[in-house]
Amino acid sequence: MPDHQRPTPRRAAMLTALAIAGTVVLGGIAAAPATAAPESPTDTVDYFADAYEGLGADSVYETVTFERFEYLLGQEGRFAFLIGGPEDAQTAATVGPINEVAKAAGVERIYNFDPRLDGSRLDIRTTTNADVAPLWARLVANALGKDTQTPFDGGDDPTLFVYDSSHLADGAEDRIVSAITTPVTAGQLADPAALTAYKAEVAAVLGTAADLDTSSQFTFTSEVVNAKHASAYGGRDVYGGATVLDDADADWRVQTVTYPELVKLLESDGDYVLLFGGTWCHNTRAVLKEVNRQAVANDVAKVYFFDLRLDGNSGNDLHIRDTGSEFADFYGDLVTKYLPNLVTQYVPGVSGQVDYFPGGDTSKALATAKKLQVPYLLEYDRSRTVGGQPAPIAQQWIHSNGDGTYKEYMTEWWYVNDLPGRYADRPDPAGLAAQLAFADEAIAAVGTFFSALPDDPEVIATAPAAPDAPVAAVTGTDVTVSWTAPADGGSPITEYLVSLNGAAPVSVPGATTTRTFTGLAGGDYTATVAARNTVGTSAASAESAAVTVVAPPAVDPTTVKGSVEVTGDLVPGGRITVVGSDLAPGVDDVAVELHSTPQTLGSVTTNGDGGFTFTGTIPASTPTGAHSIVVTIDGIEVARASITVAAAGSGAASANAGLASTGAPLVDLLGWLALALIAAGGAAYGIVRVRARRAS
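Report on the accompanying structure.

About the cut-offs
Residues numbered from 1 in each chain as written. Predicted model: local features only at pLDDT ≥ 70, side-chain atom pairs only at ≥ 80, totals over all residues. Heavy atoms only, no water. Core = buried A, V, L, I, M, F, W, Y, C linked by side-chain atoms within 4.5 Å. Buried < 20%, exposed > 50% of the residue type's maximum accessible area, 1.4 Å probe, protein only. Contact = heavy atoms within 4.5 Å. Phe/Tyr/Trp six-rings, centres within 6.5 Å; stacked < 30°, edge-to-face > 60°. Helix = DSSP H or I, 4+ residues; strand = E, 2+ residues; numbered from the N terminus. Lys NZ or Arg CZ within 6 Å of the ring centre and 35° of its normal. Pairing = 2+ DSSP bridges. Axes fitted to C-alpha atoms, helices over the stretch in contact; angles between N-to-C directions. Salt bridge = Lys/Arg side-chain N within 4 Å of Asp/Glu carboxyl O.

### What to know about the nonpolar core
Move 1: With 65 residues, the main nonpolar core has F276 and L339 as its most contacted residues.
Move 2: Residue contacts for F276: discarding those within four places in its chain leaves L262, F306, L308, L339, L372, V374, P375, Y376 and L378.
Move 3: Formed by 37 residues, the second largest nonpolar core is a distinct cluster that contains V416, A442, I443 and L453.

### Some details on the packing of aromatic side chains
Move 1: Tallying each qualifying case throughout the model produces 29 aromatic pairs.
Move 2: Taking 5.2 Å as the distance between ring centres and 75° as the angle between the ring planes, the aromatic pair formed by F69 and F81 counts as edge-to-face. Here F81 lies in strand β4 (residues 78–83) and F69 lies in helix α3 (residues 66–73), a separation of 12 residues in the sequence. Of the two residues examined, F69 and F81, each falls in the buried class.
Move 3: Taking the centre distance of 5.0 Å and the plane angle of 35° together, the rings of W397 and Y409 count as tilted. Here Y409 lies in the loop between β20 (406–407) and α12 (413–416) and W397 lies in the loop between β18 (393–396) and β19 (399–400), a separation of 12 residues in the sequence. With respect to burial, W397 and Y409 carry one shared label: buried.
Move 4: The side chain of R309 reaches across the aromatic face of W280, ending 3.6 Å from its centre.
Move 5: Lying over the aromatic face of F517, R515 brings its terminal NZ or CZ to 4.9 Å of the ring centre.

### Some thoughts on the sheet that holds strand β6 (residues 160–164)
Move 1: Taken together, the 5 strands give an open sheet; going across it, the order is β3-β5-β4-β6-β9, and neighbouring strands pair in mixed fashion. If you trace the sheet from one side to the other, it starts and ends with β3 (61–63) and β9 (176–180), each paired once. Neighbour-to-neighbour, the strand axes of this sheet turn through a mean angle of 30°, independent of strand direction.
Move 2: Pairing of β3 with strand β5 (residues 110–113) involves 3 bridges; the strand directions are parallel. If you follow Y61 over to β5, its bridge partner there is I110.

### What about the side chain of R116?
Move 1: Looking at where R116 falls in the secondary structure, it is placed in the loop between β5 and α5 (133–144).
Move 2: With a relative accessible area of 18%, R116 lands in the buried category.

### Observations concerning helix α9 (residues 259–266)
Move 1: Counting buried positions over the 8 residues of α9 gives 7, a clear majority of the element.
Move 2: All of the buried residues in α9 are Y259, P260, E261, L262, V263, L265 and L266.

### Side note on unusual backbone geometry
Move 1: A cis amide bond links V374 with the next residue in sequence, P375, at an omega value of 5°.
Move 2: Inspection of the secondary structure assignment puts P375 in the loop between β14 (367–369) and β15 (376–380).
Move 3: Residue L453 is joined to P454 through a cis peptide bond whose omega torsion reads -15°.
Move 4: Note that P454 resides in the loop between α13 (429–451) and β21 (458–459).
Move 5: Phi at D170 is positive, roughly 55°, even though this residue is not glycine.
Move 6: By the secondary structure assignment, D170 is in the loop between β7 (168–169) and β8 (172–173).
Move 7: On the accessibility criterion, D170 (86% relative accessible area) is exposed.

### Looking at the pattern of salt bridges
Move 1: Taken as a whole and assessed by the stated rule, the structure comprises 19 salt bridges.
Move 2: The residue R121 makes a salt bridge to D329 at a minimum N-O spacing of 2.9 Å. Placement of R121 in the loop between β5 and α5 and of D329 in helix α11 (residues 328–338) is noted, with a sequence separation of 208 residues between them.
Move 3: Overall, the relative accessible area of 39% leaves R121 in the partly exposed class.

See below:
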């Protein structure tokens, strides 16, 4: 496995190029890496001290995500767990006394799992959501319910307990070694005697430090990452073998956090490094080793690692970054409130976004949030501003395309290690070279990101520069306006305003640099463009060179020959329906006539497709026999259909007449032959369909 501290010549060249060009976005500005890494570049947050009043710093608690909780329940060892969160009155009342007892006994760690995955609304114990409810049932069936005395059965479930997956009682599984199940309130613990009794109960449950085991973040992450990688790719050498993380990574700085922890961090003062991703994600696994290596090299104490799949695996409603999730508001509200200057490769309304109901309230209008891909690394400082506007994301690890659009660093573990992966079975030298180059860039950009910590919390930005004069081009009656993105003034361009001939401007997303205006009238057109960011709007560009739209010549409606179909009662005084098609559109006073002796039955207006429907009456004086329905415009025939009028009461009162057009003698002859055959058979009506022949 390559030593990433000794880059290959190709990677060294990429590092040099990136150091010159700069690919990490610093608050929306592409910046070169810092010349020296600061000793203490970022901060850490004590979630428990902040979440529980009076608890104090450095408690024995450590939160676990659902994924890590399930992992621990399957491990060898004896672990102490506390179930609940700040929203639970009992948890809030007891964390202090439990912490005091644990510290006095030398207990190093109590793992805290909050079944409310968002800290409030989504409780996996009580939810009816079909994707989420099975989570708690699975924990109980596979682990928490396997006990002879205090199983989790929906009654007085334990709150504080010691768990050992291999513990037996009289040969039966008895995984919950000791537990507190009796509810207790803050009011009860206000009584000194009750508090003393409760602490004694806690001490009996926990025992001593020697009785309990711990499991590190590194143990969890390395075992799960390696297992998922090996399972997905079979340990094949071309995919990087079976191991991603090894003992060389034991100085582990990447800490998984729950959703409530993430929110608490985003509300905290300080400078933090956040990584969005998951052990399930092969793209995250590709860079996780390098992220940790750079954190160590740059003295970063913690990289806070959050998985947008709340169970660490599922792509259903538990994936809160997807529009289809019932809980998409967990993502949308978070991004909207805390990450206003986020940039991603997706452009809302163009290539993708996350739609959600604010606060999960379906009575509200849908809102939209920018959609990030994982892995996504960023530096966060909530006090940071740009031009007086909130811009808490100081750095974003993303490739800038140089035109206001971005590409997120999604690469693979094998490309990072100069291996072919799928190209081993399907050789494509050019494709492989592109993948290897992008992987090199991604790894180098991780180093650039960490060496730039911390970014200046205040960057003075301005409105964008005015774009250069755009270019206008004509295609038929359409005009396409194109332009080059100007300097963004230190804040990403969010919108362009494009105007033709000084008319009201049209809004175009900031990642787009072209706009087509369609169906224009004949005449000359010039265009201007202005750019907008969070600070303001630029001056308008100079006008483009004028282009001319030539209006198409008017069409004489009498030259457009169409078709007509007649249905109804083909008898004197009968009602008929005449349907015309393929005529000139939008023509008034189109006459519908009965021939041989012309009689006007009525007039119509053709629709936008050149069609019409007319209902009228055959005059009562019409003789039986062959006739025609003729459509004329300004006295000129444009469509015709032959019909046969039968005597009233002859039993042939309904008929379909075919489609016809003028100027088709052979077709008319065929029609008369058909009528002759029908007459010879004793029929009183005919169906003649003659296709229109357009005038050339």
